[in-house]
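Take a look at the letters that make up each chain.
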Amino acid sequence: MLEVRDLRVRYVNRSKPAVDGLTFSVAAGEFVLLFGDSASGKSTAMQAVCGMIPHIIPADVSGTVKVDGREFHDPAETAKVVGMVQQDPEAQFCTETVEEEVAFGPENFNVPQPEIRRRIDSALASVGAAHLKDRDLSTLSGGEKQKVAIASMLVLNPKLLILDEPTSSLDPRSVSEVVSAIDQMRRTTGITVIVVEHRLSGFVGMATRVLEMESARLVRDTRAGEPAFAAVRKAAHSVPDYPRIERRQGAAISAEGLAFSIGGKTILDGLCFTIAEGSALALMGENGAGKTTLLRILCGLATPTSGNLTMFGHRIDAARRMDPWILGKDVGLVFQNPNHQIFGETVQQEIGFASENYGNDMASAQSATEDFVKAEGVSRNIHPHCLSFGQKRRVNIASASAHGPKLLMLDEPFAGQDVHNALKIAQQLEKIHRAGRTIIVVTHDLDFARAFCTDALLLRKGRVAAFGNADQVLSENKDLFSKEVP
Amino acid sequence: MPLDNRPSRMNPVTKLAVLVSLSVVVLLLSSEAYVLIFLIAALIAERIFGGGRRAIVRGATMFAIAIFVAQVLFNHSGEELARLWIIGVTTGGIAWGIIIAGKFLTLITMSKTFVSTTRASDLSAALTSAGLSNRAAFMPALAMRYVPVFQLELATVREAQATRGMRLDKSIRGIIRSVRYTTLPMLYVALSKVNTLASSMVGRGFGAFRTRTLLRAWRMTSWDVAVAVVVIALGVVLFFLNSWAPLGLADLL
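Quick caveat: nothing in here was measured; it's all calculated off a predicted structure. (Residues numbered from 1 in each chain as written. Chains lettered and ligands numbered in written order. Predicted model: local features only at pLDDT ≥ 70, side-chain atom pairs only at ≥ 80, totals over all residues. Heavy atoms only, no water.)

K.L.:
Provide a residue-level description of the interface of chain A and chain B, including the pertinent values.
P.N.:
On the side of chain B, 49 residues touch chain A, which itself brings 61 residues to the contact. Note on chain A versus chain B: buried area summed over both sides is about 4,900 Å², and carbon and sulfur give 55% of it. The tally of links from chain A across to chain B stands at six salt bridges. Across the salt bridge formed by Glu101 of chain A and Arg204 of chain B, the nearest N and O atoms sit 2.7 Å from each other. Applying the counting criterion to the chain A and chain B interface returns 28 residue pairs in polar contact (both at pLDDT 80 or more). A per-element tally of the side of chain A that touches chain B places helix α4 (residues 98-108) of chain A first, with eight residues. The residue inventory of the side of chain A that touches chain B, partitioned by class, reads 30 nonpolar, 18 polar and 13 charged. (Contact = heavy atoms within 4.5 Å. Buried area = accessible area lost by both parts, 1.4 Å probe. Salt bridge = Lys/Arg side-chain N within 4 Å of Asp/Glu carboxyl O. Polar contact = N/O pair within 3.5 Å; in protein donor to acceptor, adjacent residues only side chain to side chain. Helix = DSSP H or I, 4+ residues; strand = E, 2+ residues; numbered from the N terminus. Nonpolar A, V, L, I, M, F, W, Y, C, P; charged D, E, K, R; others polar.)

See the structure below:
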């Protein structure tokens, strides 16, 4: 089905190849799990397989890629046999409704209208999304969007489907939905599937084969039934050795009846909680539960519509809008997308950005820069955009905390991060916590929440569903976090 | 999200033709009375069919008021009506204020009504049905779809700046600083989105053929033709009235 021989890919202006001499083949009907650390070359290899590299993303490519015994040189021809679903489903949508989006591919290939309608129904049904056909894309949940993205590729009847981190930014319920959809699709269509993932636990159960890449090369190739496969399966369910932190006493943040609504829609509804000073809180809940809105209120970017919030001597309520500039001295926020918050031209400027804006003494920023440069082995003058994805995330954390805020909040810092990078982030947070800071982390990572956090606040449809000791909250709400295929 | 009303169900190409024709007529007007007639008609149409984000019209109104005030204060043509300290308010200043601000507000209001009543996908399908190439037909649709996305991205970048102590003041220095620290993150976010979208579209055969099947093909109905003819004819009549029987400020008063 797929034959890759001595594939080498080197991006323009890069000295090292991103994929170096990759050779493997996949038989029809196999379900392959391709894993490895960030920047190990997984996504690059798959983009070369489906022709996006070099036709859309320029790079020097050598070696051969054959699908169904044929080499393809035109991405449109490749599209007939290989479909690739990328990480962010929303960014790949080019229409407005589910039906239009799924129809887009066959329309481009001039498939007759009745056949398009038949294929839409069949593709949506094979991922369990037939009921979504008439919906607007903007009204779908994260899991539903991913199902539609998969259906929009399946509709072209490809022989090989590649899914690049299909669950990286989804909540556990959506992960479960997508994993079941992929399982259903595989069983009904018998299509060959390659899933690229950092974390294996969701897919290892249905994989017939596991490939591992490291530093641009293939380092492991094992099939179900082999002893090495059992070892991978066991490792997939192991928990990273996250640092543990101590709980402290004293209220840092206290909310009473906190509510927020916009355009008549209630996002947060009467939240009451007290977060202890020096605690590490896991803020959890399904996508759309109100987690990000709560973070926005906590740093002054949104004003509650009723109720109040007391934190570090500030009182925030509907009548008292807090200037984010004032709150920013006490509250640091790390946004979800690293690229939204890189302003400096060097790592040193980036980490010192907030201290400079607040006119603080630059000593702590310089010390944070030293720590970062030493830990990552990079120059202080390197442009932050030249760092790897994991390093960018850590530079975000360093720059949001270097000016000494009492509270550091992070919005899904582990999205798209491999286990090693997640561990490094946890170690960085542990160090920040040791300096006496309170930490709030919006996360879907149960292992991290259970191992690292002292407390957990679980939101459901804008209300507090559970709040208290992290271990207890997570154990008592296990059903909400099931990731297994039902 | 476009509303479900009669203009929303009209062929987008008809609406586009009406919008472009009326915009040209508005731009050619030279009489303040006719500009006001167009503005009132556009505001009524927007009120009935528009919906969506009123903030756009509110923002444009503020800008139009600023244009009007600037004309009144600094355009000294015509007769002087009053004197505010050392500044004379003249008939010419008021007339040009009405004309320029009125044209601006009319164009914004008509465009907003068009956007509110037209789905981006329908526009591209209608343009393709009208014979435009795939790529050309998809461009305006993608632009319409991505404007709110980039607005949201820009707001996030601004928020990230604010939480790290960057004051967004409105001085020239503040604006230059804001542009400096906004351009790079926006460029990265935009390039990443464009890359993903292009890969997704080409990966589904976009551009493989000059033509494409349309799940929903648009054709010009007699209703479309009638509306287009009547509206454009009215616009042209008003334009000729504007040329042959111009109504000035004095006529209005």
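There's plenty left to go through after this.
K.L.:
Which residues make up helix α7 (residues 172-189) of chain A, and what values do they have?
P.N.:
Residue and element names in this part refer to chain A. Relative to the 26 Å expected for 18 residues at 1.5 Å per residue, α7 spans 26 Å between its end C-alpha atoms, a close match to the ideal helical length. Of the residues making up α7, those classed as buried are Pro172, Ser174, Val175, Ser176, Val178, Val179, Ser180, Ala181, Ile182, Asp183 and Met185. In this fold, the buried residues of α7 make contact with β3 (31-36), α5 (113-126), α6 (142-154), β7 (160-164) and β8 (192-197). (Expected span 1.5 Å × (residues − 1). Buried < 20%, exposed > 50% of the residue type's maximum accessible area, 1.4 Å probe, protein only.)

K.L.:
Summarise the sheet that holds strand β1 (residues 2-11) of chain A; cite the residues concerned and give the values.
P.N.:
All names here are of chain A. The four strands lie next to each other as β2-β1-β4-β5, forming an open sheet whose pairing is antiparallel. Sheet topology places β2 (19-26) and β5 (70-71) at the edges, where each strand pairs with a single neighbour. Against the sheet, helix α1 (residues 42-49) makes contact with β1, β2 and β4 (59-67), and its axis sits at roughly 115° relative to β1, the strand it touches most. (Pairing = 2+ DSSP bridges. Axes fitted to C-alpha atoms, helices over the stretch in contact; angles between N-to-C directions.)

K.L.:
Describe the packing of α6 of chain A against α7 of chain A, naming the residues involved and giving the relevant values.
P.N.:
The geometry of a pair of packed helices is captured by two quantities: the angle between their axes and the separation between those axes. Residues and elements named next belong to chain A. Where α6 meets α7, the closest approach of the two axes is 8 Å, and the angle between their N-to-C directions is 25°. Put simply, α6 runs roughly parallel to α7. The interaxial crossing formed by α6 with α7 has right-handed handedness. Contacts between α6 and α7 involve Gly143, Glu144, Gln146, Lys147, Ile150 and Leu154 on the former and, on the latter, Ser174, Glu177, Val178, Ala181, Ile182 and Met185. For the contact of α6 with α7, a count of residues per class yields six nonpolar, three polar and three charged. (Parallel < 35°, antiparallel > 145°, perpendicular 65-115°, else oblique. Left-handed = near helix turned anticlockwise from the far one by under 90°.)

K.L.:
Before we move on, can you summarise the confidence of the model for chain B with the specific residues and values?
P.N.:
All names here are of chain B. This prediction gives chain B a mean pLDDT of 83; 92% of its residues lie at or above 70. Averaged pLDDT values for the elements of chain B fall to 60 in helix α10 (residues 249-252) and rise to 90 in helix α5 (residues 91-116). Scoring of the predicted complex yields 0.80 for pTM and 0.83 for ipTM. (pLDDT = per-residue confidence, 0-100.)

K.L.:
Help me get a handle on the environment of Leu161 of chain A, residues and values and all.
P.N.:
Residues and elements named next belong to chain A. With respect to the helices and strands, the residue Leu161 is situated in strand β7. Between the C-alpha atom of Leu161 and that of Val85, which follows or precedes it by 76 residues, the distance is 7.8 Å. If sequence neighbours within four positions are ignored, Leu161 has contacts with Gly83, Val85, Ile150, Met153, Leu154, Met185, Ile191, Thr192, Val193 and Ile194.

K.L.:
Before we move on, can you summarise the sheet that holds strand β6 (residues 82-85) of chain A with the specific residues and values?
P.N.:
All names here are of chain A. Pairing within the open sheet is mixed, and its six strands lie in the order β6-β7-β8-β3-β9-β10. For this open sheet the edge positions go to β6 and β10 (217-223), each flanked by a neighbour on one side alone. Taken pair by pair, the neighbouring strands of this sheet meet at an average axis angle of 15°, ignoring direction. As defined by bridge partners, β6 adjoins β7 across four bridges and the pair is classed as parallel. Following the sheet pairing, Val85 is matched in β7 by Leu163.

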